[in-house]
Amino acid sequence: MQTSIPDTSDIVEWKLPSKRKVGMACLITTETALFCIFVVAYIYNIDKSFIGPYPLDILTKPWLASFFLLSSSVTIYFAEVAFHKDNIGVFRFWWGITILFGAIFLAFTAYEWYEFIYHHGLTISTNLFGATFYSLVGLHASHVIVGLGLLTTVFVFSLLGKVDKAAHEERLMMISWYWHFVDAIWIIVFTVVYVIGLGKLHQ
Amino acid sequence: MPRPFIQSRRLLSRLTGMLVLIAPSIAFGQAPETASNGVVHAKQNIFVPMSAAAEEVLGVSWLVTGICTAIFAIVAGLLTYAIIKFRSKPGEERLEPPQIYGSFQIELAWTIIPIMIVFLLALVTARTIGTVQARQIPADAVKIKVIGRQWWWEIHYLSADGKTTEMITANELHVPVNKVTHLYLQSADVVHAFWVPALAGKTDLIPNHTNEMWIEPNTLGTFLGNCAEYCGTQHANMLLRVVVDDQAGYDKWLAAQKAPPVEDTAVAAGKDTFFRTSCINCHAVDGTIAKGVFGPDLTHMMSRQTIAAGVAPLNKETLREWLRDPQEMKHGNLMPNMQLTEKELDDITEYLASLK
Amino acid sequence: MADSHLTTATAKGFPVAEAHAEEKSLWAGGIHGWLFTVDHKRLGILYICSGLFFFLVAGVMAALIRLQLMWPRAEIIEPEVFNRFFTMHGTTMVFLVGMPIIAGMANYLVPLQIGTRDMAFPRLNAFGFWIFFFGSLLLYFSYIGAPGLYNKGSAPDVGWFAYAPLTSRAFSKGTSTDYWALSILLTGIGSIATAINVIVTAFCLRCKGMTLMRMPLFVWMSIVMAFLMILALPALSAAQIMLLLDRYLGAAFFDTQAGGSATIWMHFFWIFGHPEVYILIMPGFAAASEIIPVFSRKPIFGYPIMVAASVAIAFLSLGVWAHHMFTIGLPPLGNTFFAFATMVIAVPTGIKIFNWLGTMWGGKIRLQTPMLFCIAFLFQFLIAGLTGIMLAVTPFDWQLHDSYFVVAHFHYVLIGGLLFAIFATIYYWYPKATGRMLSETLGKWHFWVFMIGFNLTFGPQHIAGILGMPRRIYTYDAGRGWEIWNQLSSIGVIFQAIGLLFFVYNLVWALYRGKKAGDDPWDAWTLEWTTTSPPPDYNFETDPVVNSRRPLWDIKHPNDPDWHHDDPEMFRKSAKTSQHP
């Protein structure tokens, strides 16, 4: 039938956005909305706990952990650049460093939680601080875990030599978008939990 | 299940019943007439307020109702006209009408006119919100704390400074006419809402939070209300009565409520049983060891019009039936079946019936 | 000019037989073909069929609710059972009927209307459907599973809005509330998967020439719906996760005894809940925006304004949630803000109604069944919108809130608006999906009987509300002036049920006996009508190319094509270069 439509279109090239990019952008949007609610719940419940431990008693700012996580956003960028240049060796190096940094961040979180649970007696059911803290930080940590799973999968496939530029560049870019998103969320979580959450008590 | 005031499921008698119900004097079954002038305002209409708080909102309510009715008439009229006028007539099926894609001027018109209407409504709304919510409540207002409970109302009459409870009752709010009553609303369990349509709009009773509202009734009588926020199994039977009395009648009622319970040696057996069984774990009677806080205060219970937050009129028969098995009259309510013997039932009924 | 309008519809200026695909039988592949399908059309039909099934289930519950309320102090249904019914009715109608049917409509129609072969992520699409479907079964499994462990009641009975702390373990014993939270969490994941798919499909798979401003309005409004889904649904999911943490791990988000808040649940729920209303009604708008033009024989009036109004409604709907909370004691400023924001939504909504009116104005209106449903949609949605404005006026809402007036209002939105639009959708696109026409006679019976029944049921409820009847009560006393309105309301249910019988019979009858539809039974203009009915797996033999919003109009009316209006420059160019027939 199209034959009967006069070919008046001066569209030489019909370009549309990439499915993966739009899809990942949507996923990030909806995840952001999810985090928003947990952030609001955290802020709303600051200073509402009836019993301790309170944030001021036990929270310390996780500078080192944050350094590793935020650095991993840089290292994954280096990995992407290397991949774009088809330099698989360098790519593997930076990609591996990214995984390592992510894992170190998780280890810090695990240690923090261990301290809280075993030495300070703060569990999710202790008070509102426990409930909002573990849910928000835990939600973020679970995203880090998912990210590490994706990164590791790619790493294993690249070791097996099954990752190539032509087929996978955009897919890797999507994983990197997701990783940047997880890092960006950490900045928000850090600000809310370790800056605002502690600041309010000082007043 | 309750033995209701009027109970029949036959449609025919329903329909004749409906005719009778049109008569305005028919109210709430055979409810006892304890209000000062005996009128029970069972039928209410939010457009017929009998309190200043409800009157305040009447203006904006009529305004928006009028505007919406007018818009409906105009738009529905145009739609009807369009459907009739522009129907495809027989024989014309193959003709296509002129293709009109839109008109900037028309779009602009039907954007700007609604914006103006919205602006007007918003201003009137804002003003009314102010007059109701920001009203200065006079210092001599009656102060009452209402606590919502599954599924009844605990009512505290507060001292003039609003700080201490002077008297506790349940399910029935007595207030003086033409005077502001300041209500402090709280909940002991889940979210409830206080609603007596003729007196004021509703306000929620929220646990861990105090809400305030005020009423200023200008008509004597008993007003029926409901819990208006779903609160569990017996939400439907969390009924409320507001008795508006003249000042003298109100003062008399209040004094009687504050008085110690009647001592009647004729009901000693029942009193003894009452204190021996676990009744006192939940119920209180002033001046005795019964200090329970989970159920309604029974000090002057027989002065109330209904039992079980409005499920049935309160008299000896309904009281005995309730005691025999509360779950039958109000299924799911929190008072357990106490498994009383017939003798105990008689005795406790006699005792409670003496608490006038 | 005038001549061009006399072009006969039979001269469908395109050679049907030449570039024609094989139509695909609905039964090809057997059961396997349906269970394992990743085809957007089949998934769309699966969505709609499961939605219709749950519609009947929840409809039966509604009928029983109305039976209990027909007489004061009736003793037909126990209070617990009644509370479960209205909870399950509400939850089902929103999450198991509304959401899958609109997902199904978008699934079926968006790829066809933008001239592509499938959704962007077909397997994600299948995942979305099946997780929705099993989530739905989980909700209904509560009738069997919830009493099993603790013997504390079966299906959820906390209302579809599940206000805290009624949902806490102290007040909701057993597992029924967990079934509610978990199953809706699952269906929410399915809805988000579908929403992402719709957005990506519409942005990334449009056929050549289909710029954003040439997309059919159905596609535009599906995009708006999908955006609202990805923004609003996470609020509910987050709140449900917190509720489950409360119930299982002893957290205290909503435990008022431990400092938690009852109102923050309300905020979270309505941050989701109000956009949800627009998520549900947007496909109704979408269907009306496709059907009204075709049956008025005119293009949609003010296309760009319609797009802008849809986007505006979506934006505004994210900022009005607290109008569900005017009675919780918000400060005056909060009450005023949310009243104002809510009223402002009336402006773009009004523009839509006026534009539909403008489309009909000067047209040649064909009163066939899809159009009848659309006309009723217009009247009923008008009423719903106006009662919505009344509810937005905070002081008036203090009276009307949680009364039967609200029940009437949102049933006018969701039945009078959405369901009527869904019926219009089904009458209009059923021929495309099955290859056969639904019976016009049965359709008209369905329309008139159901329309009368609907208005008889929900019209009187406005009055019951004004007379002070609260929602969600399983019984009421005689003498409060509510009897007659409840009786009328319950009688209306009988008419609705009979109307639905005509509908169901029509659906089944037409599948075997309906008149063959052909490709383009309504003489319509969008791309789905260029392919066979039902379309083949790959939808289009060759990738379509479009030059305007109404590609089939262009073909049928070569002397007065749409792009003539759309883009005068292109018209001049084409007039120079080619002399097409």
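Small disclaimer: the values here were computed from a predicted structure and weren't measured.

A.B. asks: Please set out the confidence of the model for chain B residue by residue, giving values where relevant.
C.D. replies: Residue and element names in this part refer to chain B. The predicted model of chain B has a mean per-residue pLDDT of 87, with 90% of residues at 70 or higher. Looking over chain B, one finds the lowest element-wise mean pLDDT in helix H1 (residues 11-21), namely 40, and the highest in strand E2 (residues 142-149), namely 97. Note that residues 1-35 has pLDDT below 50 and, in this model, 51 contacts with residues that lie over four places away or in other chains.

A.B. asks: Hey, could you go over the sheet that holds strand E9 (residues 211-215) of chain B for me, with residue numbers and the actual values?
C.D. replies: All names here are of chain B. Strand order across the open sheet formed by five strands is E4-E3-E2-E6-E9, with mixed pairing between neighbours. Of all the strands in the sheet, the pair left with one neighbour each is strand E4 (165-170) and E9. For this sheet the average axis-to-axis angle between neighbouring strands, irrespective of direction, equals 25°. In this structure, strand E6 (residues 181-187) lies alongside E9, joined through five bridges in antiparallel fashion. Within E9, the position partnered with Leu-183 by the bridge is Met-213.

A.B. asks: Mind laying out the packing of helix H8 (residues 303-317) of chain C against helix H9 (residues 332-360) of chain C, listing which residues take part and the relevant values?
C.D. replies: Angle between the axes and distance between the axes are the two parameters that describe a pair of packed helices. Residues and elements named next belong to chain C. Orientation of H8 relative to H9, taken along the N-to-C sense of each, is 155°, at an axis distance of 9 Å. In terms of axis orientation, H8 runs roughly antiparallel to H9. Between H8 and H9 lies a crossing of left-handed hand. Here H8 contributes Ile-305, Met-306, Ala-309, Ala-312, Ile-313, Leu-316 and Ser-317 to the contact with H9, which in turn contributes Ala-341, Val-344, Ile-345, Pro-348, Thr-349, Ile-351, Lys-352 and Asn-355. Class assignment for the residues of the contact of H8 with H9 results in eleven nonpolar, three polar and one charged.

A.B. asks: I'd like a description of the pairing of strand E11 (residues 239-245) of chain B, backed by residues and values.
C.D. replies: Residues and elements named next belong to chain B. Most of E11 sits out of view: seven of its seven residues are buried. The alternating pattern of E11 places Leu-239, Arg-241, Val-243 and Asp-245 and Leu-240, Val-242 and Val-244 on opposite faces, both of which are buried. Note: strand E10 (residues 221-227) against E11, six bridges, orientation antiparallel. Each bridged residue has a counterpart across the sheet, and for Asn-226 the counterpart in E11 is Leu-239.

A.B. asks: Please give an account of the packing of helix H4 (residues 104-133) of chain B against H9 of chain C that cites residues and values.
C.D. replies: Interhelical geometry of H4 of chain B versus H9 of chain C gives an angle of 155° and a closest axis separation of 9 Å. The orientation of H4 of chain B with respect to H9 of chain C, classified from their angle, is roughly antiparallel. The two elements H4 of chain B and H9 of chain C meet at a crossing, and its hand is right-handed. Across the contact of H4 of chain B with H9 of chain C, the residue classes tally to 18 nonpolar, eight polar and no charged.

A.B. asks: Requested: an account of the interface of chain C and chain B, with residues and values cited.
C.D. replies: Each partner contributes to the interface: chain C provides 88 residues, whereas chain B provides 90 residues. Of all the secondary structure elements, the ones that give two or more residues to the side of chain C that touches chain B are helix H3 (79-113), helix H7 (262-296), H8, H9, helix H10 (369-392), helix H11 (394-400) and helix H14 (483-513) of chain C. By residue number, the principal contributor to the side of chain C that touches chain B is H9 of chain C, which donates 16 residues. A per-class count over the side of chain C that touches chain B returns 50 nonpolar, 25 polar and 13 charged.

A.B. asks: Describe the nonpolar core, and please don't skip the residues or the numbers.
C.D. replies: Core analysis: the largest hydrophobic core is formed by 342 residues, its most contacted members being Ile-199, Ile-230, Phe-377 and Ala-424 of chain C. It is helix H6 (residues 217-249) of chain C that provides the largest number of residues to this core, a total of 23 residues. Excluding residues that lie within four positions of it along the chain, Ile-199 of chain C makes contacts with Val-22 and Cys-26 of chain A together with Ile-223, Ala-226 and Phe-227 of chain C.

Calculation notes
Residues numbered from 1 in each chain as written. Chains lettered and ligands numbered in written order. Predicted model: local features only at pLDDT ≥ 70, side-chain atom pairs only at ≥ 80, totals over all residues. pLDDT = per-residue confidence, 0-100. Helix = DSSP H or I, 4+ residues; strand = E, 2+ residues; numbered from the N terminus. Contact = placed C-beta atoms within 7 Å. Pairing = 2+ DSSP bridges. Axes fitted to C-alpha atoms, helices over the stretch in contact; angles between N-to-C directions. Parallel < 35°, antiparallel > 145°, perpendicular 65-115°, else oblique. Left-handed = near helix turned anticlockwise from the far one by under 90°. Nonpolar A, V, L, I, M, F, W, Y, C, P; charged D, E, K, R; others polar. Buried ≥ 20, exposed ≤ 12 C-beta atoms within 10 Å, placed from the backbone. Core = buried A, V, L, I, M, F, W, Y, C linked by C-beta atoms within 7 Å.

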